[in-house]
Amino acid sequence: MVELRNVTKIYHLGGEEIRALDNVSLDIEEGEFISVIGPSGSGKSTLMHILGCLDTPTSGTVKLDGIMIQNASPRQLAAIRNQKIGFVFQFFNLLPKLNVLQNVELPMIYSGVPARERHRRAMAALEAVGMANRAKHRPSQLSGGQQQRAAIARALVNNPRIIFADEPTGNLDTHTGETILQLFRSLNAEGRTIVLVTHDPEIAAVTPRRIEIRDGKIMPKPDLRLAGLRN
Ligand code: ADP
Ligand code: ADP
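Residues numbered from 1 in each chain as written. Chains lettered and ligands numbered in written order. Predicted model: local features only at pLDDT ≥ 70, side-chain atom pairs only at ≥ 80, totals over all residues. Heavy atoms only, no water.

Where an unreviewed UniProt entry is consulted, the protein chain appears under the name ABC transporter ATP-binding protein, with the organism given as Limisphaera ngatamarikiensis. Listed in UniProt under the heading Sequence similarities (unreviewed entry), the comment for the protein chain reads: "Belongs to the ABC transporter superfamily. Macrolide exporter (TC 3.A.1.122) family." (UniProt positions renumbered as here; feature names shortened; annotations may be inferred.)

See the structure below:
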């Protein structure tokens, strides 16, 4: 589903070169549930931006669902993102002036789905995350966990091949975070490919596969010993 070969990303800051990703190769198969773990500054966001077609590498190749994207224009990247990828963020990124239903309909407005079909699919996605009875609430009228469920519904409505979640439980209490992880688990059990970025080894421990990144490189074997967790 995703294939990275010798991907390097260099940022230029003043006169300095920052090698945020250093010769990274990686394969993600359809149906996998993967966590990407690493300390702050290790390159997780850069990796997610490239995997999520938000950015292109300085060198190397990126293939997503059969499409080579390393040379895609920003416009082509936007179209690929909208069709193939669902995003979930730490701070939910719901629009405060829209209700839950309208927030969930947004990605379909960008992809030109007719109004009646938008409504039907948004309600089905809200149903899937247990939020159908909150469709008319504004985000500010919901708990954090409910806001994240709404954001997950929004990530699902275009039926993406893969979901990227960046610290999705980072702004939730432990119990609520666990219910959100459980939701990702059930979405994965239905066959969705999920990549979850976290700095928390306990969260990474719930996924069947882990990728550890340090100084822009993927470690040969993720090391969770410090957290006392099985590998
Ligand atoms: P993480 O998500 O693991 O915290 P990042 O991918 O954000 O790591 O950052 C990796 C490295 O690249 C860091 O040294 C960071 O300072 C640098 N970096 C990230 N984005 C930029 C940018 N736009 N310009 C310059 N340096 C950046
Ligand atoms: P939970 O314990 O379910 O995570 P809360 O205790 O924050 O959530 O909220 C309990 C219920 O009250 C939720 O169903 C939520 O929709 C509703 N609610 C929370 N805050 C508001 C608000 N500001 N306005 C209207 N309803 C709210």
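As a further point, take the layout of surface pockets. As a volume, the largest pocket reaches approximately 440 Å³. Forming the walls of the largest pocket are 14 residues, and the residues nearest its centre are Asn82, Ile85, Phe87, Pro107 and Tyr110. Breaking the lining of the largest pocket down by element, the ones donating at least two residues are helix H2 (74–84), strand S6 (85–88), helix H3 (100–110) and helix H5 (144–156). The residue makeup of the lining of the largest pocket, split by class, is 8 nonpolar, 4 polar and 2 charged. Approximately 250 Å³ is the volume found for the second largest pocket. In terms of lining residues, the second largest pocket is bounded by 15 residues, among which Thr169, Thr174, Leu181, Asp200 and Ile203 are the most central. Elements with a contribution of two residues or more to the lining of the second largest pocket: helix H6 (174–189) and helix H7 (201–204). Residue contributions to the lining of the second largest pocket peak at 4 residues, all from H6. (1 Å grid on protein atoms, 1.4 Å probe; cavity = no way out; pocket = protein on both sides within 12 Å on 5 of 7 lines; lining within 4 Å. Points joined across faces, edges and corners; volume = space filled by probe spheres on them. Helix = DSSP H or I, 4+ residues; strand = E, 2+ residues; numbered from the N terminus. Nonpolar A, V, L, I, M, F, W, Y, C, P; charged D, E, K, R; others polar.)

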